[in-house]
Amino acid sequence: MSEHPEAPAGDQVMIVGPDGTPVGTVRVPAGEASPREDEAADQEDLSGAVEEPAKVMRIGTMIKQLLEEVRATELDDASRRRLKEIHAASLRELEAALSPELRDELARIIAPFDEDRTPSDGELRIAQAQLVGWLEGLFHGIQTALMAQQMAARMQLEQMRRGLPAGSGSTASQAGGESGGGGTTGQYL
């Protein structure tokens, strides 16, 4: 994949389907920064901020389902205590799967419940909804970072193609010329 086998392999990126489930991973080659990569470098790179993406996805799905169940049910004292325990355990598990920066953000945004008392139905619903919202924001941020990386990789590939000597032709540009694609490159990525 890389011209220099001894060069660093680059970043591993998780591909997420439209429903938020992981589809696979891809290794993005390390290389020279394109002009847009410099702009993207200023933004937060969330793709490496989740150390265990599959675990975060599982917990996020569980919390979302739990919130739907809580909305549809009246909770008694025992179920509110149990939900409080699940919420605390979910936060601990999430923290273990996140980078230190995201752990700090999560701790600032999601305050734990009082140890002494059982939270009300409303408090539990708000806490669960807040956590679901934070996770959805995290997933959207990761998808945006992945799209930016893919665009940067496409631009880099396009720059490499333009750097080829005239007449050498790549299979993609030859196929584009034969199919009436007007000889433009990048349509086959």
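The rules behind these values
- Residues numbered from 1 in each chain as written.
- Predicted model: local features only at pLDDT ≥ 70, side-chain atom pairs only at ≥ 80, totals over all residues.
- Heavy atoms only, no water.
- UniProt positions renumbered as here; feature names shortened; annotations may be inferred.
- Helix = DSSP H or I, 4+ residues; strand = E, 2+ residues; numbered from the N terminus.
- Buried < 20%, exposed > 50% of the residue type's maximum accessible area, 1.4 Å probe, protein only.
- Contact = heavy atoms within 4.5 Å.
- Salt bridge = Lys/Arg side-chain N within 4 Å of Asp/Glu carboxyl O.
- Axes fitted to C-alpha atoms, helices over the stretch in contact; angles between N-to-C directions.
- Parallel < 35°, antiparallel > 145°, perpendicular 65-115°, else oblique.
- Left-handed = near helix turned anticlockwise from the far one by under 90°.
- Nonpolar A, V, L, I, M, F, W, Y, C, P; charged D, E, K, R; others polar.
- pLDDT = per-residue confidence, 0-100.

Per an unreviewed UniProt entry, the protein chain is named Bacterial proteasome activator, and its organism is Actinomycetospora endophytica. As its UniProt record puts it under Sequence similarities (unreviewed entry), the protein chain is described as follows: "Belongs to the Bpa family."

Engineer: Could you give an account of the overall build of the protein chain, naming the residues involved and the relevant values?
Structural biologist: For the protein chain, the count of helices and strands is six helices and two strands. In the protein chain, the order of α-helices and β-strands from amino to carboxyl end is β-β-α-α-α-α-α-α. The buried share of the protein chain, taken over its 189 residues, is 30%. A separation threshold of at least 6 residues defines the contact pool for the protein chain, and within that pool the share at least 24 residues apart is 66%.

Engineer: Got a sec to walk through the pattern of salt bridges? Specific residues and values, please.
Structural biologist: If you walk through the whole model with that rule in mind, you get nine salt bridges. Taking the shortest distance from any N to any O, the salt bridge between Glu136 and Lys64 comes out at 3.4 Å. With Glu136 in helix α5 (residues 121–162) and Lys64 in helix α2 (residues 53–72), this residue pair connects regions lying 72 residues apart in the sequence. The partner of Asp121 in a salt bridge is Arg80, and the shortest N-O contact between them spans 3.6 Å. Pair noted here: Asp121 is in helix α5 and Arg80 is in helix α3 (residues 77–97), with a separation of 41 residues, a long-range link. Classification of Arg80 by relative accessible area gives buried; the value is 19%.

Engineer: For the environment of Pro119, give the residues involved together with the corresponding values.
Structural biologist: Mapped onto the secondary structure, Pro119 falls in the loop between α4 (100–109) and α5. In this structure, the C-alpha to C-alpha distance between Pro119 and Asp77, residues 42 residues apart in sequence, is 8.8 Å. Sequence-distant contacts of Pro119, defined by excluding residues within four places in its chain, comprise Arg80, Lys84, Phe113 and Leu124.

Engineer: So, the packing of α3 against α5: which residues are in play, and what are the values?
Structural biologist: It is at 10 Å that the axes of α3 and α5 come closest, and there the two elements cross at 25 degrees. Considering the angle they form, α3 stands roughly parallel to α5. Between α3 and α5 lies a crossing of left-handed hand. On α5, the residues touching Arg80, Leu83, Lys84, His87, Leu91 and Leu94 of α3 are Asp121, Leu124, Ala127, Gln128, Leu131 and Leu135.

Engineer: Residue-level account of the packing of α4 against α5, with values.
Structural biologist: α5 packs onto α4 with a crossing angle of 150 degrees between their chain directions and a minimal axis gap of 11 Å. Taken together, the axes of α4 and α5 are roughly antiparallel relative to one another. Considering how the two elements wind past one another, α4 and α5 form a crossing that is right-handed. Mapping the contact onto sequence places Leu102, Glu105, Leu106 and Ile109 in α4 and Gln130, Leu131, Trp134 and Leu138 in α5. A breakdown of the residues in the contact of α4 with α5 according to their chemical character gives six nonpolar, one polar and one charged.

Engineer: Please give an account of the confidence of the model for the protein chain that cites residues and values.
Structural biologist: Of the residues in the protein chain, 61% reach a pLDDT of 70 or more, and the chain-wide mean stands at 74. Across the protein chain, element-level confidence peaks in α3 with a mean pLDDT of 91 and bottoms out in helix α1 (residues 35–42) with 41. In this model residues 32–44 is a low-confidence stretch, pLDDT under 50, and it forms ten contacts with partners more than four residues away in sequence or in other chains. Confidence over residues 172–183 falls short of pLDDT 50; this stretch has 13 contacts with residues more than four positions distant or in other chains.

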